[in-house]
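If you want the building blocks of each chain, they are given just below.
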Amino acid sequence: MARIVAGVTTSHIGAVGAAIDRGLSEDDYWSPVFKGYEFSQRWIAEEKPDVVILVYNDHAAAFTLDLIPTFAIGCGEQFHPADEGRGARKVPVVKGHPELAWHIAESAILDEFDMTIVNKMDVDHGLTVPLSLMFGQADAWPCKVIPLAVNVVQYPPPTGNRCYNLGKAIRKAVETFPQDLKVMVWGTGGMSHQLQGRRAGVINSEFDTLFLDLISRDPEAAARIPHLDYIYQAGSEGIELIMWLIMRGALRREAKEIHRFYHVPASNTAVGHLIFENPR
Amino acid sequence: MARIVAGVTTSHIGAVGAAIDRGLSEDDYWSPVFKGYEFSQRWIAEEKPDVVILVYNDHAAAFTLDLIPTFAIGCGEQFHPADEGRGARKVPVVKGHPELAWHIAESAILDEFDMTIVNKMDVDHGLTVPLSLMFGQADAWPCKVIPLAVNVVQYPPPTGNRCYNLGKAIRKAVETFPQDLKVMVWGTGGMSHQLQGRRAGVINSEFDTLFLDLISRDPEAAARIPHLDYIYQAGSEGIELIMWLIMRGALRREAKEIHRFYHVPASNTAVGHLIFENPR
Amino acid sequence: MDTSNSGASAPDTGLPAHIKSIDDIPGTTVFTPEQSRRGYHLNMCCASLMREENREAFRQDERAYTERFPLTPAQREAMLARDYNAMLALGGNIYYLGKLGAYDGQSFQQLTARMTGIPEDELRKIMLAGGRSVSAFDNEERGKNHG
Amino acid sequence: MDTSNSGASAPDTGLPAHIKSIDDIPGTTVFTPEQSRRGYHLNMCCASLMREENREAFRQDERAYTERFPLTPAQREAMLARDYNAMLALGGNIYYLGKLGAYDGQSFQQLTARMTGIPEDELRKIMLAGGRSVSAFDNEERGKNHG
Ligand SMILES: [Fe+3]
Ligand SMILES: [Fe+3]
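Remember, predicted model here, so these are calculated numbers, not experimental data. (Residues numbered from 1 in each chain as written. Chains lettered and ligands numbered in written order. Predicted model: local features only at pLDDT ≥ 70, side-chain atom pairs only at ≥ 80, totals over all residues. Heavy atoms only, no water.)

K.L.:
Which parts of the structure should I look at to understand the overall build of chain C?
P.N.:
From N to C terminus, chain C includes 8 helices and 0 strands. Here chain C holds 147 residues, and 50% of them are scored as buried. Residue pairs in contact within chain C that sit at least 24 positions apart in sequence constitute 51% of those at least 6 positions apart. As presented, chain C carries roughly 7100 Å² of accessible surface, and 48% of it is formed by carbon and sulfur atoms. (Helix = DSSP H or I, 4+ residues; strand = E, 2+ residues; numbered from the N terminus. Buried < 20%, exposed > 50% of the residue type's maximum accessible area, 1.4 Å probe, protein only. Contact = heavy atoms within 4.5 Å. Areas by Shrake-Rupley, 256 points an atom, 1.4 Å probe, with all protein chains shown as cover.)

In structure tokens, the structure reads:
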């Protein structure tokens, strides 16, 4: 049977991807960011997941206003890096795991989650930057990836509670998949940042710390945080943090936080990163 | 405030649209079908809804395997009839009601329905045939239409229970919309039919009658019918009947059936049609 | 919102005891995820016929047109031969295949005649008499259930 | 599956008492349905710059390119002038506008400098010192909240 062995949360900041791609990761500004992932890269090289279910949001790249799915699961064979306005990132093509992805879609729909099934889409920095952070520069990603895109661009996004419960539905689906697979679930985005308007540039370390603590030790409480609090406290784009709840719901309640990293700033954003391990 | 005044269910058979478009509605084969809608056309001419929320399924026209939303709500200004393989039906463009549609989308998402918001799509016979049946041949449709497309082509569709509850969420959304609008909800598709394979051509009047009775008098029981029963009893394409549950959930429990019509056959399909009125 | 319609049991629709899953329904191929993966390119090839420019290209040279899509040889031959049962077995979904039928000017009743092997006029009479029975194939031996 | 995480109340994040809805957050334009409808064509025009052929056409003649989209005159002028706050007020969403920024080779930090009126080097220092405070604008008079 497939099993979820670990969860990862991480910011997925576009500028971090650009810094990696331009070889700037050791300069004074960026090296403190990448320091936080040194443990993680060693850890994942040992853990060797077969599949990562990568929860992220599309930033108006694959999905525009023509069609906005709340939850879209990528069931295709592969996904190309998106051109977000200045050419696509030169990172490897993302290979999917259609069998497991379809199984999750089927199971979640029968559990009354109204998934959108996607066979063809490009994946933007929200998905590729976490891969770069965890695996570094690579000729090919070392595992299969199931993209799970969550709408957080168009208000309203799903509630935190809904995200947390989708995570539980994913857990159930993975645990009923008959192949022997080591699966991780990653929740990406955040932490506090606002990219728009006169209030752009806000950072809220106090809220971020509260959120890191809650997601780790009291996820049900984290799941009750209203949209309003995210948007005010974490900035309008900090609402991305709801995606971490999908990861957390997919992990067991007693999963153990084994790594925490928090750093301000990367570009306009607070960087937050956690690793959880499920009990063996 | 907007209010839901009535509900309609009807088959949306493509061949019926073709018969209308070719002026065959008075021949021996087709006239018994259209007889069942004579009352309905008079009734709706008096009722004059401002908006119809039209629940239907896209038959691999607007949505292909590239992207399959479970529930897609049309929030655009207008929707053109789709070319389904031999040119589009020559029926009027469908005018949307973006304000109410977005309001429903927002309300339903906050109520934890994972809607896909669609601004641009063509609408196929599943949507245009019910308009033709209820309004006849027209130069312009006499009301605004909000398309609500439900996946029933790719297994698994949403459960009956989920559809029924989405109807309730739509009811709540409409009742909190501040404009004074007369709204109807239509659930389309069915009744028993199978278009594929060696078993194509099955009809099950017994099941259809049971379903007509349950949807009218015991919708909670209807909502518990499993997919398997639909596919076996109503044929593989009879699964469309789950869409009637969205209409029924949007109406009040005590809504009164004021018209019933059942006829076999239209092409390969059993025709079923109900009208419900909410208490005033 | 009350979403708890569970608890009570489902109404009895008279489902035969041996029909335990969607795979048990004779003569019926449910478009499951597995079928969807198998038939992806076949279905997308048929769906492409919703555009007049593609229909025109298909008209010019059917085989050459299908070669734009990575169909399996069996899918390609089934499509060119209009063998609907074979297409269904190879992952086709009837609504996608229906675009090919529409291109050919075939009604669903005509497609049904092809898939069931019942002549068109006979089928029309059967439908007028109330259609075929859902249990028609239930007593078939196992192994014949599909396609 | 247990989906009942309700009942208990939400954790206290220290939200100021006068912030009662997403419309109350100063200096912030939430991309609500209303904004989305207002900014549809502006956002889609910016999104079209994700294709190199469109960027090339935009490079040739920016104004002519924008005329492919039914923008309001105010939206068109704001886009040509790279007035991001005006675009936000006219329904722009920052991720769509970001495609225009990317076309211009601007980072989000550079866009932030434009939107806040804080010079780039100063903003960089502010971010290095921990960023701006979420409550920075809370004491503004009402009516100045947006944009
Ligand atoms: Fe992001
Ligand atoms: Fe249909």
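K.L.:
I would appreciate a short explanation of the interface of chain A and chain C in the present structure.
P.N.:
Interface extent is often summarised as the accessible area lost during association of the parts. Listed as interface residues are 7 residues of chain A and, on the opposing side, 4 residues of chain C. Each partner contributes to the roughly 500 Å² buried at the junction of chain A and chain C, and carbon and sulfur atoms together form 62% of this total. Linking chain A with chain C are 1 salt bridge. With a closest N to O distance of 3.9 Å, C:Arg37 and A:Glu77 form a salt bridge. Inspection of the region where chain A meets chain C yields 0 residue pairs in polar contact (both at pLDDT 80 or more). Class assignment for the residues of the side of chain A that touches chain C results in 2 nonpolar, 1 polar and 4 charged. (Buried area = accessible area lost by both parts, 1.4 Å probe. Salt bridge = Lys/Arg side-chain N within 4 Å of Asp/Glu carboxyl O. Polar contact = N/O pair within 3.5 Å; in protein donor to acceptor, adjacent residues only side chain to side chain. Nonpolar A, V, L, I, M, F, W, Y, C, P; charged D, E, K, R; others polar.)

K.L.:
How should the coordination of the iron ion (ligand 1) be read in this particular structure?
P.N.:
The expected angle between donors at a tetrahedral four-coordinate metal is 109.5 degrees. At an octahedral six-coordinate metal it is 90 or 180 degrees. Residue and element names in this part refer to chain A. Distances from the iron ion (ligand 1) to its protein donors, His12 (NE2), His59 (NE2) and Glu240 (OE), fall at 1.9 to 2.1 Å. Within one chain, the residues serving as donors to the iron ion (ligand 1) are arranged as H-x46-H-x180-E. Taken together, the positions of histidine 12 in the loop between β1 (3-10) and α1 (14-21) and histidine 59 in the loop between β2 (51-56) and β3 (67-69) put the pair 47 residues apart, joining distant regions of the chain. On the accessibility criterion, histidine 59 (1% relative accessible area) is buried. (Donors = N, O, S within 2.8 Å, 3.2 Å for Na, K, Ca; no water.)

K.L.:
Honestly, the coordination of the iron ion (ligand 2) in this entry has me stumped. Any pointers?
P.N.:
Residue and element names in this part refer to chain B. Looking at the iron ion (ligand 2), one finds its protein donor set to be His12 (NE2), His59 (NE2) and Glu240 (OE), positioned 1.9 to 2.1 Å from the metal centre. Between consecutive donors of the iron ion (ligand 2), the numbers of intervening residues give the motif H-x46-H-x180-E. Of this pair, histidine 59 sits in the loop between β2 (51-56) and β3 (67-69) while glutamate 240 sits in the loop between α9 (227-233) and α10 (242-250), placing them 181 residues apart in sequence. Residues histidine 59 and glutamate 240 agree in their burial class; the two are buried.

K.L.:
Quick question: what am I supposed to make of the side chain of A:Thr188 here?
P.N.:
Residue and element names in this part refer to chain A. One can find threonine 188 in strand β9 (residues 182-188). The exposure class of threonine 188 is buried, given its relative accessible area of 0%. Side chain to side chain, threonine 188 and histidine 12 meet in a polar contact 2.9 Å long. Reaching out from threonine 188, the side chain makes a polar contact with the backbone oxygen of valine 55 at a distance of 2.9 Å. Beyond its immediate stretch of four places on either side in the chain, threonine 188 contacts Thr10, His12, Leu54, Val55, Tyr56, Gly126, Pro130, Glu240, Met243 and Trp244.

K.L.:
Looking at this model, I keep getting lost on the pattern of salt bridges. Mind explaining?
P.N.:
A side chain of one charge can pair with a side chain of the opposite charge when the charged atoms of the two come close. Overall, the coordinates contain 46 salt bridges over all chains when judged by the stated rule. Close ionic contact of A:Glu257 with A:Arg260 constitutes a salt bridge, the shortest N to O distance being 2.8 Å. Between B:Arg253 and B:Glu220 there is a salt bridge whose closest N-O contact spans 3.0 Å. Here B:Arg253, found in the loop between α10 and β10 (256-266), pairs with B:Glu220, found in helix α8 (residues 219-223); they are 33 residues apart in sequence, far enough to count as distant. Shared partners join several salt bridges into a network, and the residues in it are A:Asp83, D:Glu52, D:Arg55, D:Glu56 and D:Arg59.

K.L.:
So what exactly am I meant to see when it comes to the sheet that holds strand β4 (residues 71-74) of chain A here?
P.N.:
Either a parallel or an antiparallel arrangement is found when strands of a sheet pair, and the pairing is made through backbone hydrogen bonds. What the 9 strands build is an open sheet, ordered β10(A)-β11(A)-β1(A)-β9(A)-β2(A)-β8(A)-β4(A)-β7(A)-β3(B); its pairing is mixed. At either end of the open sheet lies a strand with only one pairing partner, and these are β10 (256-266) of chain A together with β3 of chain B. Between one strand axis and the next, the sheet turns through 15° on average, direction left out of account. The sheet contacts of helix α4 (residues 98-110) of chain A involve β2, β4, β7 (116-118), β8 (144-150) and β9 of chain A together with β3 of chain B, and relative to β4(A) the element is tilted by about 150°. (Pairing = 2+ DSSP bridges. Axes fitted to C-alpha atoms, helices over the stretch in contact; angles between N-to-C directions.)

K.L.:
Even after reading the chapter, I still don't get the environment of B:Ala101, so can you show me in this structure?
P.N.:
Residues and elements named next belong to chain B. Mapped onto the secondary structure, alanine 101 falls in helix α4 (residues 98-110). Judged by its relative accessible area of 0%, alanine 101 falls in the buried class. When the C-alpha positions of alanine 101 and cysteine 75 are compared, they lie 5.1 Å apart, and in sequence the two are 26 residues distant. Not counting residues up to four positions away in its chain, the partners in contact with alanine 101 are Ile73, Gly74, Cys75 and Ile146.

K.L.:
How do you make sense of the interface of chain B and chain C when you look at a structure like this?
P.N.:
Across the contact, 57 residues belong to chain B and 68 residues belong to chain C. Together, B:Leu65, B:Arg198 and B:Tyr232 form the three largest contributors to the area buried by chain B at its contact with chain C, with a combined 17%. If you look at where chain B meets chain C, you find 1 salt bridge. Between B:Asp83 and C:Arg55 there is a salt bridge; the shortest N-O distance is 2.8 Å. Across the contact surface, chain B and chain C share 27 residue pairs in polar contact (both at pLDDT 80 or more). The set of elements that each furnish at least two residues to the side of chain B that touches chain C consists of α6 (160-175), α7 (205-217), α8, α9 and β10 of chain B. Classifying every residue of the side of chain B that touches chain C gives 25 nonpolar, 18 polar and 14 charged.

K.L.:
Honestly, the packing of aromatic side chains in this entry has me stumped. Any pointers?
P.N.:
In this description, an aromatic ring pair is defined by two values, namely the gap between the centres and the angle between the planes. Applying the stated criterion across every chain, the model contains 23 aromatic pairs over all chains. Relative to B:Phe211, the ring of B:Phe207 lies with its centre 6.2 Å away and its plane at 20°, an arrangement referred to as stacked. Here B:Phe211 and B:Phe207 lie together in helix α7, a separation of 4 residues that amounts to about one turn. Of the two residues, B:Phe207 and B:Phe211, both sit in the buried class. Joined through ring pairs, the aromatic side chains of A:Phe207, A:Phe211, A:Tyr230 and A:Trp244 make up one cluster. A:Arg198 extends its terminal NZ or CZ atom over the ring of D:Phe137, reaching a point 5.1 Å from the ring centre. Across from the ring centre of A:Tyr29, 4.7 Å away, lies the NZ or CZ of D:Arg124, which sits over that ring. (Phe/Tyr/Trp six-rings, centres within 6.5 Å; stacked < 30°, edge-to-face > 60°. Lys NZ or Arg CZ within 6 Å of the ring centre and 35° of its normal.)

K.L.:
Explain the environment of B:Val52 to me, please; I cannot follow it from the model alone.
P.N.:
All names here are of chain B. Looking at the element boundaries, valine 52 is found in strand β2. When the C-alpha atoms of valine 52 and tyrosine 262 are compared, they prove to be 23 Å apart, with 210 residues separating the residues in sequence. Filtering out sequence-adjacent residues up to four positions away, valine 52 remains in contact with Cys143, Lys144, Val145, Ile146, Met184 and Trp186.

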